[in-house]
Amino acid sequence: EDQVTQSPEALRLQEGESSSLNCSYTVSGLRGLFWYRQDPGKGPEFLFTLYSAGEEKEKERLKATLTKKESFLHITAPKPEDSATYLCAVYMDTGRRALTFGSGTRLQVQP
Amino acid sequence: DARVTQTPRHKVTEMGQEVTMRCQPILGHNTVFWYRQTMMQGLELLAYFRNRAPLDDSGMPKDRFSAEMPDATLATLKIQPSEPRDSAVYFCASGLVSPSEQYFGPGTRLTVT
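Residues numbered from 1 in each chain as written. Chains lettered and ligands numbered in written order. Predicted model: local features only at pLDDT ≥ 70, side-chain atom pairs only at ≥ 80, totals over all residues. Heavy atoms only, no water.

J.: In this structure, what is going on with the overall build of chain A? I would like to understand it.
T.: Secondary structure summary: chain A contains zero helices and 11 strands in total. Reading the helices (α) and strands (β) of chain A from amino to carboxyl end gives β-β-β-β-β-β-β-β-β-β-β. Projected onto its principal axes, the C-alpha positions of chain A cover 45 × 30 × 20 Å. The buried share among the 111 residues of chain A stands at 45%. Partitioning the contacts of chain A with sequence separation of at least 6, the portion at a separation of at least 24 is 55%. (Helix = DSSP H or I, 4+ residues; strand = E, 2+ residues; numbered from the N terminus. Buried < 20%, exposed > 50% of the residue type's maximum accessible area, 1.4 Å probe, protein only. Contact = heavy atoms within 4.5 Å.)

J.: Would you explain the sheet that holds strand β6 (residues 56-59) of chain A in this entry?
T.: Strands in a sheet are paired, the pairing made by backbone hydrogen bonds, and the direction either parallel or antiparallel. Residues and elements named next belong to chain A. Taken together, the five strands give an open sheet; going across it, the order is β1-β3-β8-β7-β6, and neighbouring strands pair in antiparallel fashion. Of all the strands in the sheet, the pair left with one neighbour each is β1 (3-7) and β6. For this sheet, the mean angle separating the axes of adjacent strands, direction not counted, is 15°. Alignment of strand β7 (residues 62-66) against strand β8 (residues 70-75), held across five bridges, turns out to be antiparallel. Bridge pairing links K63 to H74 in β8. (Pairing = 2+ DSSP bridges. Axes fitted to C-alpha atoms, helices over the stretch in contact; angles between N-to-C directions.)

J.: I tried to follow the nonpolar core on my own but got confused; where do I start?
T.: Where a protein is soluble and globular, its nonpolar side chains tend to be buried together. In terms of nonpolar packing, the biggest core is built from 24 residues, with W35, L73 and Y86 of chain A touching the most fellow members. Mapped onto this core, the elements with two or more residues apiece are β2 (10-14), β3 (19-26), β4 (30-38), β5 (45-50), β7, β8, β9 (84-92) and β11 (105-110) of chain A. The element contributing the most residues to this core is β9 of chain A, with five residues. One finds V32, A67, A88 and V112 of chain B within the second-largest nonpolar core, a separate group that totals 22 residues. (Core = buried A, V, L, I, M, F, W, Y, C linked by side-chain atoms within 4.5 Å.)

J.: Sorry, what's going on with the environment of S18 of chain A here?
T.: Locating S18 of chain A in the fold gives a position in the loop between β2 and β3. Linking S18 of chain A and H74 of chain A, residues 56 residues apart in sequence, is a C-alpha distance of 7.5 Å.

J.: Just to check I follow, could you spell out the pairing of β1 of chain A for this structure?
T.: On a regular strand, each side chain points to the face opposite its neighbour's, so the side chains alternate between the two faces of the sheet. Residues and elements named next belong to chain A. Burial of the side chains of β1 is restricted to one face: V4 and Q6 are buried, whereas none of Q3, T5 and S7 on the reverse face is. Bridge analysis of β1 against β3 gives five bridges, and the strand direction is antiparallel. Its bridge partner being in β3, T5 is matched across the sheet by S24.

J.: Before we go on, may I ask you to explain unusual backbone geometry in this structure?
T.: Glycine aside, residues mostly have negative phi, and peptide bonds are mostly found in the trans state. In the segment running from S7 of chain A into P8 of chain A, the intervening peptide bond is cis, with an omega of -10°. Within the secondary structure, P8 of chain A is located in the loop between β1 and β2. Cis geometry marks the peptide bond from Q80 of chain B to P81 of chain B; its omega dihedral reads -5°. Notably, E60 of chain A is not glycine yet its phi reads approximately 55°, a positive angle. The class for E60 of chain A is exposed, based on a relative accessible area of 70%.

J.: Mind showing me how you'd approach the interface of chain A and chain B here?
T.: Frequently, the measure chosen for interface size is the accessible area removed from exposure when the parts meet. Contacts between the two partners involve 18 residues from chain A and, on the opposite side, 21 residues from chain B. Taken over both partners, the interface formed by chain A and chain B buries close to 1500 Å², and the fraction arising from carbon and sulfur atoms is 55%. The tally of links from chain A across to chain B stands at zero salt bridges. Joining chain A to chain B, the criterion identifies two residue pairs in polar contact (both at pLDDT 80 or more). Those elements giving two or more residues to the side of chain A that touches chain B turn out to be β4, β5, β9 and β10 (99-101) of chain A. Examining the composition of the side of chain A that touches chain B, we find that four residues originate from one element, β4 of chain A, more than from any other. (Buried area = accessible area lost by both parts, 1.4 Å probe. Salt bridge = Lys/Arg side-chain N within 4 Å of Asp/Glu carboxyl O. Polar contact = N/O pair within 3.5 Å; in protein donor to acceptor, adjacent residues only side chain to side chain.)

J.: Would you explain the packing of aromatic side chains in this entry?
T.: Two descriptors summarise a pair of aromatic rings, namely the distance from one centre to the other and the angle between the planes of the rings. Under the counting rule described, the total for this entry stands at 10 aromatic pairs over all chains. For the ring pair Y36 of chain A and F46 of chain A, a centre distance of 5.8 Å and an interplane angle of 75° mean the geometry is edge-to-face. Pair noted here: Y36 of chain A is in strand β4 and F46 of chain A is in strand β5, with a separation of 10 residues, a long-range link. We classify F46 of chain A as buried; its relative accessible area is 18%. When the centroid spacing of 5.2 Å and the interplanar angle of 35° are considered together, the rings of Y35 of chain B and F104 of chain B count as tilted. Pair noted here: Y35 of chain B is in strand β4 (residues 31-38) and F104 of chain B is in strand β10 (residues 102-104), with a separation of 69 residues, a long-range link. (Phe/Tyr/Trp six-rings, centres within 6.5 Å; stacked < 30°, edge-to-face > 60°.)

In short, geometric facts, not functional conclusions.
The following block contains the structure:
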């Protein structure tokens, strides 16, 4: 069965303390992996799309990478405003041909 | 600043009542998605449309949920009759041809008592 698993479920960092979030997937026919950020009471906000293993994307303090089995969202020197839930989603060549989301990682960055 | 809009933002209703949620996708986007988010299940896809035609509604309870797109600027999700287990945040998202990023609206928080 196709699955998307995110870890850790929750992460608390001090401001400036870099870390990584993981999204592992067991799907066939991956056509794209997406990262979203969700703030409380709001809809998910698109961050990145990765299409092939080895690809990397960067935006400010965030960097997303993709391998054949997982994706990492690296957060360098985070600030309190980076606190949010980070969701990954996969788009597959089979099945419903729509995004399947993981359960998310709740990130809290303390000043 | 192009955005997906959803109305109402909050809805409290009694069990058995009809609920209609509306979504205006970003102009020019041809794909519209309806999702439901709960603490237990996370973000689940209910249905999606491309060029106003329903492509997949397998995530919806067919006996009580219906989704339509009467024109390119309006998508609706109806629940009739509503049940307490339908309490959740319902998101609409729009995008271009898949696979591509989707842009989410602010959501409708539904509470069924």
